[in-house]
Amino acid sequence: MKKRAVIIVLDSAGIGEMPDAERFGDKGSNTIANTAEAMGGIKLPNMGKMGLSHIHPIKGVEKEERPSAAYGKAAEKSDGKDTVTGHWEMSGCILETPLKTFPGGFPPEIIEEFTRRTGREVLGNKVASGTEIIKELGMEHMKTGKPIVYTSADSVFQVAAHEDIIPLPELYKMCETAREMLTGDWTVGRVIARPFIGDSPENFKRTTNRHDYSLDPFCTTMLDYIKKAGMEVRGVGKISDIFNGRGVTHSVRTNGNQDGIDKTIEELGHDFEGLLFVNLVDFDMLYGHRNDPQGYGKALEEADERIPQIIDALKEGDLLIITADHGCDPTTESTDHSREYIPLLVYSKSLKGDTEIGTRDSFTDIAKTVLEYFGIPNDIEGKSYLGLLK
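Residues numbered from 1 in each chain as written. Predicted model: local features only at pLDDT ≥ 70, side-chain atom pairs only at ≥ 80, totals over all residues. Heavy atoms only, no water.

Undergrad: Could you give an account of the pattern of salt bridges, naming the residues involved and the relevant values?
TA: Counted by the stated rule, this structure contains 30 salt bridges. Residues K238 and D11 are paired through a salt bridge, measuring 3.4 Å at the closest nitrogen-oxygen approach. Taken together, the residues span a long stretch of sequence, with K238 in the loop between β9 (232–236) and α9 (239–242) and D11 in the loop between β1 (4–10) and α1 (31–39) at a distance of 227 residues. The two residues K238 and D11 agree in class, both being buried. What emerges from the salt-bridge pattern is a single network uniting D20, R23, E76, D79 and R339. (Salt bridge = Lys/Arg side-chain N within 4 Å of Asp/Glu carboxyl O. Helix = DSSP H or I, 4+ residues; strand = E, 2+ residues; numbered from the N terminus. Buried < 20%, exposed > 50% of the residue type's maximum accessible area, 1.4 Å probe, protein only.)

The following block contains the structure:
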């Protein structure tokens, strides 16, 4: 029988502050529970049946008497709270030195070096929403030809440019230049080209020609082990970008959460052996960073409604893990990610549910579990919880 594991990352859906949250400015953060409170209660019946409220009480989600899945949560061992760090750790890489973030914009030496190498001065250089900054600076960019440089709560260097002002090949070359620069003391997780079109702030629109330039993971990941074993690693959403394509055998881009779930179900319809790794980014990108608990909660409810379809698409023996990569509590003053535990809901038609797997010491336990499921020897740090499900 061909084995398949499915990891679905609800991007930023953390489930409570970690013990060191205060050091990160995140005391009191609990993305899912605080969102539910802000809504006056949230409707997540399917994740509820899997055991969500056994991990932490969630207003509006009943505590299922006999959950269909195993349930627990995991602490982040890496020193960080960003997308790349979270995904890398759940795949086996613990980062002792955090990737650089730039909440005050990039220091002059980075901007000066980027300008020297590309021959173009820049606009922006601050933390900003990608859609808002092109509204703010798009017209000035079109007049001056200066690219818009900005960052976010993640370790990213983003370059926005109008496709008629800086052609795509030049924009991509500029981002390749930035990628070469941003290592060592300036290590940044991703450089992202953000092209847009339009002739006024009202109709500026980012195009699908985005391109990510990521670092390679610093260790051998779960993806590498699975690929080396001759199995497939299929990425849905930004998975391939996060790992710089390493270990990924097939990648599908998505346009929002619902399209991501559609693509997940479509991928499950294919006959393959290996890992299906999915990132659903809207929670983080559209709602967490914009402090919109109502939007966040609605997106969670919409994703929850699709879980029965995902389960129907699973074959006997398939292993499903629903989790997150960090928090981004939309109810706090901060618009940054939050240092939180991530939920673990682990389901298979052929393994027992109603099992508490506790609080795991590291996200790497996900990689250890998946690799044990496939029977692949590995040197990843962590402990599998597969034995608790048998």
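Undergrad: Tell me what's going on with unusual backbone geometry, and back it up with residues and numbers.
TA: Both trends apply: most residues other than glycine have a negative phi, and most peptide bonds are in trans. One non-glycine residue, N125, adopts positive backbone phi at about 55 degrees. Among the structural elements, N125 can be located in strand β3 (residues 123–127). Positive phi, normally seen in glycine, also occurs at D354, with a value near 50 degrees. Inspection of the secondary structure assignment puts D354 in the loop between β13 (342–347) and β14 (355–360). Judged by its relative accessible area of 34%, D354 is partly exposed.

Undergrad: With reference to specific residues and values, describe the sheet that holds β9.
TA: The mixed open sheet is built from eight strands, whose spatial order is β10-β9-β11-β1-β12-β13-β2-β14. Unpaired on one side and paired on the other, β10 (250–252) and β14 mark the two borders of the sheet. Mean inter-strand twist for the sheet, computed between neighbouring axes without regard to direction, equals 15 degrees. Lying on the sheet, helix α14 (residues 364–374) is in contact with β1, β11 (274–280), β12 (319–323), β13 and β14; it crosses β1 at an angle near 160 degrees. (Pairing = 2+ DSSP bridges. Axes fitted to C-alpha atoms, helices over the stretch in contact; angles between N-to-C directions. Contact = heavy atoms within 4.5 Å.)

Undergrad: Can you explain the environment of E140? Please cite residues and give values.
TA: Checked against the element boundaries, E140 lands in helix α6 (residues 130–144). Here the alpha-carbon distance between E140 and I8, two residues 132 residues apart in the chain, equals 40 Å. Apart from the residues within four sequence positions on either side, E140 is in contact with L123 and G145.

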